[in-house]
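Listed below are the residues making up each chain.
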Amino acid sequence: MSTLRKRITLGAFCFSLCAGISSAVFAQSLGSPISESQLRGFDLIAPPDGSGYPEGGGTAIQGKVIFESRCSACHGMKGEGTSAATRLVGGDMQSEERPIRTVGSYWPHASTLFDYVQRAMPADAPKSLSSSEVYQVIAYILNMNGIIEASLVLNRDSLQQVEMPNKDGFIDSSQAL
């Protein structure tokens, strides 16, 4: 092998080695450990059986104020949305046309709505709503869909009692066989 070829091979090897070492050092310096109290902020699961729901509560009347200030930019003032993906009200799963999937027509459990809003909304500031504000906003969304009365106080107990229009629209695949 010629001297030039040996030098190029050695140079490429050294470059690869240095790049690999610097990548490993960089990867080790990313992020920082979090405390147990910070970790609890990620554990916000609210399953249909009601376990895991936080304290708090509110009505659709209270939720309307929050919705108008924190949600309407994407979902419109009346839940009509700014696109099909942001529409919350109306829809019909039985239509001959392509069904419009909204909270009122598609979602099988009110707890799914609670869980989603608590974790991911508003889109520009996820997890910024208090538990009471989440109950109030979802009370308003459920009321706009004609599912609950405006005066119903939605909380960890009453949320479990909400019957969604599409509650029987899904098949539990574990039960299908």
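The structure under discussion appears in the preceding block.
Residues numbered from 1 in each chain as written. Predicted model: local features only at pLDDT ≥ 70, side-chain atom pairs only at ≥ 80, totals over all residues. Heavy atoms only, no water.

## Some remarks on the overall build of the chain
Which entries qualify depends on this criterion: A run of H or I in DSSP becomes a helix once it reaches four residues, and a run of E becomes a strand once it reaches two; helices and strands are each numbered from the N terminus. By definition in these notes, contact holds between two residues if any of their heavy atoms fall within 4.5 Å. Note on areas: Shrake-Rupley, 1.4 Å probe, and residue coverage restricted to the protein chains presented here.
The helix and strand tally for the chain stands at seven helices and two strands. Along its sequence from the N terminus, the chain presents helices and strands in the succession α-α-β-α-α-α-α-β-α. Of the contacts formed within the chain by residues at least 6 apart in sequence, a portion of 59% connects residues at least 24 apart. Summed over its atoms, the accessible surface of the chain is roughly 11,700 Å², and 57% of this surface lies on carbon and sulfur atoms.

## Considerations on the packing of helix H5 (residues 110-120) against helix H6 (residues 131-144)
Rules: Lines are fitted to the C-alpha atoms to define the axes, a helix being fitted only along its stretch in contact, and any angle between axes, read from their N-to-C directions, falls within 0 to 180 degrees. Oblique is the label for any angle not under 35 degrees, not over 145, and not in the 65 to 115 range, which are roughly parallel, roughly antiparallel and roughly perpendicular in turn. In this scheme the crossing of two helices becomes right-handed for a clockwise turn of the near helix relative to the far one and left-handed for an anticlockwise turn of less than a right angle. Note on residue classes: Ala, Val, Leu, Ile, Met, Phe, Trp, Tyr, Cys and Pro are nonpolar, Asp, Glu, Lys and Arg are charged, and everything else, Gly too, is polar.
Running from amino to carboxyl end, H5 crosses H6 at an angle of 130°, the nearest separation of the two axes being 10 Å. Compared by their axis directions, H5 and H6 come out oblique. As H5 runs across H6, the sense of the crossing is right-handed. Contacts between H5 and H6 involve Ala110, Leu113, Phe114, Val117 and Gln118 from the former and Ser131, Val134, Tyr135, Ile138, Ile141 and Leu142 from the latter. Counted by class, the contact of H5 with H6 contains nine nonpolar, two polar and no charged residues.

## Considering the state of the cysteines
Covalent bonding between the sulfur atoms of two cysteines is what defines a disulfide. What counts, and what does not: Count a disulfide wherever a pair of cysteine sulfur atoms falls within 2.5 Å. Only protein chains enter the calculation, and the probe is 1.4 Å; a residue is then buried if its accessible area is under 20% of its type maximum, exposed if over 50%, and partly exposed in between.
Inspection of every chain in the model, using the stated rule, returns zero disulfides. There is no disulfide at Cys74, and the cysteine sulfur nearest it, in Cys71, is 8.7 Å away. Look at Cys74 and you get partly exposed, because its relative accessible area is 36%.

## Here we look at the packing of aromatic side chains
Any two aromatic rings considered together are summarised by their centre-to-centre distance and by the angle between their planes. Our working rule: In summary, the pairing rule links any two rings of Phe, Tyr or Trp, Trp by its six-membered ring, whose centres are within 6.5 Å, and it sorts them by plane angle into stacked for under 30 degrees, edge-to-face for over 60 and tilted for everything else.
Scanning the entire structure with this criterion turns up four aromatic pairs. Where Trp107 meets Tyr116, the ring centres are 6.1 Å apart and the plane angle is 80°; that geometry is what we call edge-to-face. In this structure Tyr116 comes out as partly exposed when scored by relative accessible area, which is 42%. Between Phe114 and Tyr135 the ring centres are 4.7 Å apart and the planes differ by 40°, which places this aromatic pair in the tilted class. Placement of Phe114 in helix H5 and of Tyr135 in helix H6 is noted, with a sequence separation of 21 residues between them. Grouping residues by exposure puts Phe114 and Tyr135 together as buried. Aromatic rings pair up to connect Tyr53, Phe114 and Tyr135 into one cluster.

Such coordinate-based values are descriptive only and should not be taken to indicate function.
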